[in-house]
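Residue-level listing of the chains:
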Amino acid sequence: MINNRTYLLLILILILLVSISGISVPIVANAAKYAQISREILINNDWINLTIGGDAYDQKPPLLFWIGAAFYSIFGVSFPVFKIAVLLISILGIYSTFRLGELLYNKNTGLLAAIFWTSSLGFLYFHNDIHTDTLLATFVAFSVWQFIAYFKSKKWYQFVLGAVGIGLSMLTKGPVGLAIPVFAIGANLIMQKRWNEIFHLRWIVAAIIVSIIILPALIGLLNQFGLEGIKFYFWTNNMGRITGSYHGNNTDPTFYIHTALYMLAPWTVFVVVGIFNEIRSLFKIKKENILQTEIANIS
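**Observations regarding the overall build of the protein chain**
Piece 1. Along the protein chain, the regular secondary structure elements total 14 helices and 2 strands.
Piece 2. Within the protein chain, the fraction of its 299 residues that count as buried is 39%.
Piece 3. Sequence separation of 24 or more characterises 69% of the internal contacts of the protein chain that already satisfy a separation of 6 or more.
Piece 4. As displayed, the protein chain has an accessible area near 16,800 Å², and 70% of this comes from carbon and sulfur atoms.

**With respect to the environment of Y57**
Piece 1. With respect to the helices and strands, Y57 occurs in the loop between β2 (55–56) and α3 (63–75).
Piece 2. Taking the C-alpha atoms as reference points, Y57 and G220, separated by 163 residues in sequence, lie 9.4 Å from one another.

**As for the packing of α3 against helix α7 (residues 132–153)**
Piece 1. Across the interface, α3 lies against α7 with an axial gap of 9 Å and an inter-helix angle of 100°. As far as their axial angle goes, α7 and α3 are roughly perpendicular. Touching L63, L64 and I67 of α3 are T132, L135 and F139, all from α7.
Piece 2. For the contact of α3 with α7, the residue count by class is 5 nonpolar, 1 polar and no charged.

**Things to note about unusual backbone geometry**
Piece 1. In this model, A265 is joined to P266 through a cis peptide bond whose omega is 5°.
Piece 2. Assignment of secondary structure puts P266 in the loop between α13 (255–263) and α14 (268–298).
Piece 3. In this model, N45 sits at a positive phi of 50°, which is unusual for a non-glycine residue.
Piece 4. Along the chain, the position of N45 falls in the loop between α2 (29–44) and β1 (51–52).
Piece 5. Residue N45 is classed as exposed on the basis of its relative accessible area of 64%.
Piece 6. Although it is not a glycine, K193 adopts a positive phi angle of roughly 55°.
Piece 7. A relative accessible area of 62% places K193 in the exposed class.

**Remarks on the packing of helix α8 (residues 156–173) against helix α11 (residues 202–225)**
Piece 1. In the contact formed by α8 and α11, the axes pass within 8 Å of each other and the chain directions differ by 35°. Between α8 and α11 lies a crossing of right-handed hand. Packed against α8, whose contacting residues are F159, V160, A163, V164, I166, G167, L168, M170 and L171, the element α11 presents R202, W203, A206, I209, V210, I213, I214 and A217 at the interface.
Piece 2. Tallied by class, the residues present in the contact of α8 with α11 amount to 15 nonpolar, 1 polar and 1 charged.

**Digging into the side chain of T268**
Piece 1. Along the chain, the position of T268 falls in helix α14.
Piece 2. Among the polar contacts made by the side chain of T268, one reaches the main-chain carbonyl oxygen of L261 at a distance of 2.5 Å.

**What to know about the packing of aromatic side chains**
The way to describe two aromatic rings as a pair is by their centre distance and the angle between their planes.
Piece 1. Overall, the coordinates contain 20 aromatic pairs when judged by the stated rule.
Piece 2. Relative to W203, the ring of F147 lies with its centre 5.5 Å away and its plane at 45°, an arrangement referred to as tilted. A residue pair is termed long-range when its members are at least 10 positions apart, and F147 in helix α7 and W203 in helix α11 qualify at 56 residues.
Piece 3. For F147, a relative accessible area of 1% corresponds to the buried category.

**Focus: the side chain of D129**
Piece 1. Among the structural elements, D129 can be located in the loop between α6 (121–126) and α7.
Piece 2. Buried and unpaired, D129 has K83 as its nearest opposite-charge partner, separated by 8.1 Å.
Piece 3. What D129 contacts, discounting residues up to four positions off in sequence, is V28 and A31.

**Side note on the nonpolar core**
Piece 1. Ranked by size, the top nonpolar core spans 42 residues in total, and within it Y34, L63, L64, F65, F82, L135 and F147 carry the most contacts.
Piece 2. Listing elements by their share of this core, those giving two or more residues are α2, α3, α4 (79–104), α7, α8, α9 (176–191) and α11.
Piece 3. Judged by nonpolar contacts, the second largest core, of 11 residues, contains I15, I23, L87 and I115.

**A few points about the pattern of salt bridges**
Piece 1. For the structure shown, the criterion picks out 5 salt bridges.
Piece 2. Here D133 ties to K173 by a salt bridge, and the two come within 3.3 Å at their closest N and O atoms. Placement of D133 in helix α7 and of K173 in helix α8 is noted, with a sequence separation of 40 residues between them.
Piece 3. Measuring nitrogen to oxygen at the nearest pair gives 2.5 Å for the salt bridge that ties E197 to K154. Placement of the pair is E197 in helix α10 (residues 195–198) and K154 in the loop between α7 and α8, with a sequence separation of 43 residues.
Piece 4. The exposure class of K154 is partly exposed, given its relative accessible area of 38%.

**So, the environment of K60**
Piece 1. When you line up the elements, K60 lands in the loop between β2 and α3.
Piece 2. Assessed through its relative accessible area of 16%, K60 is described here as buried.
Piece 3. In the structure, K60 is positioned 113 residues away from K173 in sequence and 6.5 Å away in space, judged by C-alpha atoms.
Piece 4. If near-sequence neighbours (up to four positions away) are discounted, K60 is found in contact with Y34, L50, F65, T132 and K173.

Rules used in this analysis
- Residues numbered from 1 in each chain as written.
- Predicted model: local features only at pLDDT ≥ 70, side-chain atom pairs only at ≥ 80, totals over all residues.
- Heavy atoms only, no water.
- Helix = DSSP H or I, 4+ residues; strand = E, 2+ residues; numbered from the N terminus.
- Buried < 20%, exposed > 50% of the residue type's maximum accessible area, 1.4 Å probe, protein only.
- Contact = heavy atoms within 4.5 Å.
- Areas by Shrake-Rupley, 256 points an atom, 1.4 Å probe, with all protein chains shown as cover.
- Axes fitted to C-alpha atoms, helices over the stretch in contact; angles between N-to-C directions.
- Parallel < 35°, antiparallel > 145°, perpendicular 65-115°, else oblique.
- Nonpolar A, V, L, I, M, F, W, Y, C, P; charged D, E, K, R; others polar.
- Left-handed = near helix turned anticlockwise from the far one by under 90°.
- Polar contact = N/O pair within 3.5 Å; in protein donor to acceptor, adjacent residues only side chain to side chain.
- Phe/Tyr/Trp six-rings, centres within 6.5 Å; stacked < 30°, edge-to-face > 60°.
- Lys, Arg positive; Asp, Glu negative; His and termini not counted.
- Salt bridge = Lys/Arg side-chain N within 4 Å of Asp/Glu carboxyl O.
- Core = buried A, V, L, I, M, F, W, Y, C linked by side-chain atoms within 4.5 Å.

Shown next, in the form of structure tokens:
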């Protein structure tokens, strides 16, 4: 007899097959530009100083282009190869989502989380029109999973892998690859009031690991753009777009909210209800703790 978990696993495999079926669809716009940068890495035999059309390139960190170039060098230059390279990396993101859900809740929840992500509009879109966000989602999920696992079991290699995940996130999308995991992990530790973990000196080790991983990107920017390249990486490319000081000054304060709701379709309603229930449960727990404290004081 097939149990529920097996059904969920079969659904996940079918969804992945849907993504694979779109491998032959041509890539356009930004995805085509990113594929060309990967191609020029091989042409120039230069993995540090990125170019597009022969001109120096600074818009995105190099990890996506390195992965594309590595697969091109083995399987030849073509857009299916570029897509397959990213999809293979994304399997790590699916597995990380499953393990994180399992760690925080149970196996069925982990499988459902993996299915929701893999069948979402965002996943299907990002694996047809390749963006750096495609890899960002993978390495953020991986880093959060490893850090949460570390704070549960205290295995040192999990802490190191969590730091590596953040480094790869930053090598994919810049400082936003640090901000998202830090917010997620920090919020988890704050809710558990584990202040000693938040202010522990081990974070210096994590900072060193992350710095080593992003160093090649910084060297390339410094070589081609000087200190302005470093400023662009750490500030302008992310915060400049949010504030409108870079690439226009018309900003939508709700952009990231409605974009997230759109990209999580058709599961958006579950996300909203889930967040609401989590917030409500937190207030309920806090209220119960206050009540217990008052009873203890009276007695």
